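# Analysis of the macromolecular model
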Amino acid sequence: MEATVKAHGDFAGGQSVPGLQPFLHDAHLSLAAPSLCASGPDGALRGGADGFYHGDRRVLSRLEAAVEAVPVVPIGAATGPEGDVVFRAVLRGLAEQTPDPAVVLERSRAVSPGRLTERYTVRNAGGRTARLRLSLSAASDLATMEQVKSGRPAAPVSPRTGPGEARWSDGAISGTLTLNPGPDEQLTGPDGTVTMAYLIEVPPGTTWHAELRCDAEHRDGDLFPAPPKATRWWSAPEVTGPDRRLAHWISRSDRDLFRLVLSDPLQPEDVFLAAGAPWYLTLFGRDALWSARMLLPLGTDVAAGTLRTLARRQGTAHVPATEEQPGKILHEVRRDEPAPDGTTSLPPSYYGTADATPLWLILLYDAWRWGMPESEVAALLPHAEAALNWMEHCADADGDGFLEYADSSGAGLSNQGWKDSSDGIRFRDGRPALAPIALSEVQAYAHEAAVKAAALLDAFARPGGEQWRRWAEGLRERFRTHFWTEDDTGPYPAVALDRDKRRVDSVASNMGHLLGTGLLGPEESARVAGRLTDAGDTADGGMDSGFGLRTLDASSAGFNALGYHTGSVWPHDTAIAVHGLARAGRAEAAGRLATGLLGAAEQFGYRLPELFAGYSRDRQSRPAPYPASCRPQAWAAASSVLVLQSLFGLEADVPARRLRHATRVPSGFEGLRVRHLRIGGRHFDVSADAEGRVEVHGLAGFTLVPVHATGW
């Protein structure tokens, strides 16, 4: 997702090169939406993307600890289960009588909504008294997230200070830093940096403590605040089995997702998942919808909150400047805060997305099938009918029967599917596709949305069901005629049609999104499955990197393993393909892709990033990071649940009191057991025995429908 055209950049020595997006791959990130703190591996905030942020504003741009005339040597950081992190550094030479280090400085960080707390502790394990001058230096530029992301941060802001206190404000946001106990010395430099120092004596075997707190507040409140009270909006699954990696991935994802929850200020009990940190800690339609859909086997509360939050902001008029249209679901919401340097960005409420509207319809149906209360579903049906009307009358501007997009304002996104970078949709020879563009996966979403919406209309005794089934069948036939192309390997669906209705012939991961949507027949699904799992004939392989699907086949002219949408691996993209393969009866292929994701998750400490480099596992045993990637990212974390659902082939139908499941899990997942899944408000368990045979436990009153690997 891109709020502006991405500037790819460098990050070295703690400073970003002006005009280049700062890197994040070695950053430590502490999160409690809508707040976060990003720092270097030693805990210092000293430039680039470092900072304490609240609601897309950087409240602290610098926070460094130094000890006068003493080398401070970082020795590592440890993250606790609640997201707090402790950075440790040795103060070389102090109180030492042997070669062993004696004095350690610990910096313990915790982030809560609107607050950063750091506790500084000096521990003396030596035999002599340690005497030192510890100084803490802080500064703020109050930069917008867009300024930071563009590599053009604002100038430092002058603070107002008092004893042990500094305050920065521009009228829209304020940040207040306090120290307890108060420092022994304090001064403000000409650049606005506030330095507070302690003169400390620490006898042998004792410790010294001080606490720093920074509170942030928007004058008009948070755009999307933290929920008024923390609760469990989804169940916490307990995963056991011979391979513990899936359990670790699920557990870490659960903690990260919990800290990405935001609420709708118009109805605070409705929650959704912010897209990711640091760049996208706000409401993104597509990301929130996919993330909520992936979490459905754990409960429907997030799905319901996401649906209602987006429905309240559903388009009602034609507004070219924002791409709003009646019935359309929005792309993203940001604060209306123009940067002081004149930097332009998208409108605060921007509707430039071709896929969020059908995805909203799909989520409504799937949430109903997993047990969202019928009264809540019924209340959203007028919004569903408006969304269907958008698909029929607004999304197909030229009347060719396909959903397409073009940037009507000239200042929005040039690509408006999930691959929304400016170079994300291109021909096999590297040429960019020109708008209007009809994406293959958007047609698949629209087909699935129409079929599922028809079922909803029928179930709730509303007219239109048969009309939308005919519409879906027409789209299916048009897709078969216009999208399929062929190369030396055989037929495959093009990634898109361009403005001249030419097939954009790159072999891309988008085709994985077609599986399981009903758009493809069995033979077509088999061809797509073959493409996705093809090892390729180049040194770097084809679509499957070994750690997940590349966004673009390695043989394409535009392939770049570090390209945002042109060769990198996106975990959510691979997980969607895993789910589609499982539903298409390709369980073993799904299992191989899932195993690749597990390998990547392990290497990233089970916090999978937004994306990572698409280098081949055969040539590089560890996945390389995409340096500017968000981490955590909601749909990357929620992918763990979709993979789990796919391995067991779980498909719910609460209105009919049925649960479908696979007869066997893929090879390598024998002995897997999952407890505390949820359907219709009830908990249930699934397991696979040593031979891989699936059993469901705890669903008395439900009809269990085993589905063999021949498909759904």
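Here goes a summary of the coordinates provided. (Residues numbered from 1 in each chain as written. Predicted model: local features only at pLDDT ≥ 70, side-chain atom pairs only at ≥ 80, totals over all residues. Heavy atoms only, no water.)

## Remarks on the packing of aromatic side chains
Put simply, the test is: Pairs were defined over the aromatic rings of Phe, Tyr and Trp, the Trp ring being its six-membered one, requiring ring centres within 6.5 Å. Orientation was assigned from the angle between planes: stacked under 30 degrees, edge-to-face over 60, tilted for the rest. Put simply, DSSP marks the helices as runs of H or I at least four residues long and the strands as runs of E at least two long, and each gets a number from the N terminus on.
By the definition in use, this model includes 17 aromatic pairs. Centre to centre, the rings of W418 and W570 are 5.2 Å apart; their planes meet at 75 degrees, and the pair counts as edge-to-face. With W418 in the loop between α6 (374-393) and β24 (438-439) and W570 in the loop between α9 (522-532) and α10 (571-583), this pair connects stretches of sequence that are 152 residues apart. Members of the aromatic cluster, each reached through a chain of ring pairs, are W418, Y564, W570, Y626 and W635.

## Overview of α9
Quick note on the threshold: The buried label applies to any residue whose accessible area, calculated with a 1.4 Å probe on protein chains only, is under 20% of its type's maximum; exposed applies above 50%, and partly exposed to all values in between. As used here, the arc is the angular range of directions from the helix axis to the C-beta atoms. Note on definitions: a residue-residue contact is assigned when non-hydrogen atoms from the two residues lie within 4.5 Å.
Those residues of α9 not exposed but buried are E524, S525, V528, A529, R531 and L532. The arc that holds every buried residue of α9, seen down its axis, measures 160 degrees, which confines them to one face. Across from the buried face of α9, at angles greater than 90 degrees, the exposed residues are P522 and E523. The elements touched by buried residues of α9 are α8 (465-482), β25 (484-487), β26 (490-493) and α10.

## Points about the layout of surface pockets
Rules: Both site types are read off a 1 Å grid over the protein atoms alone. A 1.4 Å probe that fits but cannot get out defines a cavity, while an open set with protein on both sides within 12 Å along at least five of seven lines defines a pocket; lining residues have an atom within 4 Å of a point. Grid points are joined across faces, edges and corners, and a volume is the space filled by probe spheres set on the points. Gly counts as polar in this scheme, as do all residues outside two lists: the nonpolar Ala, Val, Leu, Ile, Met, Phe, Trp, Tyr, Cys and Pro, and the charged Asp, Glu, Lys and Arg.
Size it by volume and the largest pocket reaches roughly 1,000 Å³. Residue lining of the largest pocket: 45 residues in total, with L29, L31, R252, D256 and R607 positioned closest to the centre. Listing elements by their share of the lining of the largest pocket, those giving two or more residues are β3 (28-32), β8 (72-79), β10 (103-112) and α2 (245-258). In terms of residue class, the lining of the largest pocket is made up of 24 nonpolar, 10 polar and 11 charged. In terms of lining residues, the second largest pocket is bounded by 37 residues, among which E448, G516, T517, G518 and R583 are the most central. Within the residue set of the lining of the second largest pocket, elements represented by two or more residues are α3 (285-294), α5 (356-370), α7 (440-459), α9, α10, α12 (634-648) and β29 (651-653). Here the lining of the second largest pocket is built from residues that sort into 18 nonpolar, 10 polar and 9 charged.

## Some thoughts on the packing of helix α4 (residues 301-311) against α5
Quick reminder of the rule: Between N-to-C directions, angles cover 0 to 180 degrees, with each direction set by a line fitted to C-alpha atoms, over the stretch in contact for helices. Should the near helix be turned anticlockwise from the far one by less than a right angle, the crossing is left-handed, and should it be turned clockwise, the crossing is right-handed.
It is at 10 Å that the axes of α4 and α5 come closest, and there the two elements cross at 145 degrees. Where α4 crosses over α5, the handedness of that crossing is left-handed. The residues of α5 that touch α4, namely those facing A303, L307, L310 and A311, are W360, L363, L364 and A367. Taken together, the residues of the contact of α4 with α5 sort by class into 8 nonpolar, no polar and no charged.

## Re unusual backbone geometry
Backbone torsion omega between A33 and P34 reads 10 degrees, so that peptide bond is classified as cis. Here A277 and P278 are connected by a cis peptide whose omega angle stands at 5 degrees. With respect to the helices, strands and loops of the structure, P278 is situated in the loop between β21 (267-273) and α3. Positive phi, normally seen in glycine, also occurs at K501, with a value near 65 degrees. Position of K501 among the secondary structure elements: in the loop between β27 (496-497) and β28 (503-504). For K501, a relative accessible area of 35% gives the class partly exposed. Its identity as a non-glycine residue notwithstanding, Y606 has a phi of 70 degrees, on the positive side. Locating Y606 in the fold gives a position in the loop between α11 (587-603) and α12. What makes Y606 buried here is its relative accessible area of 14%.

Any functional reading would require information that these geometric values do not contain.
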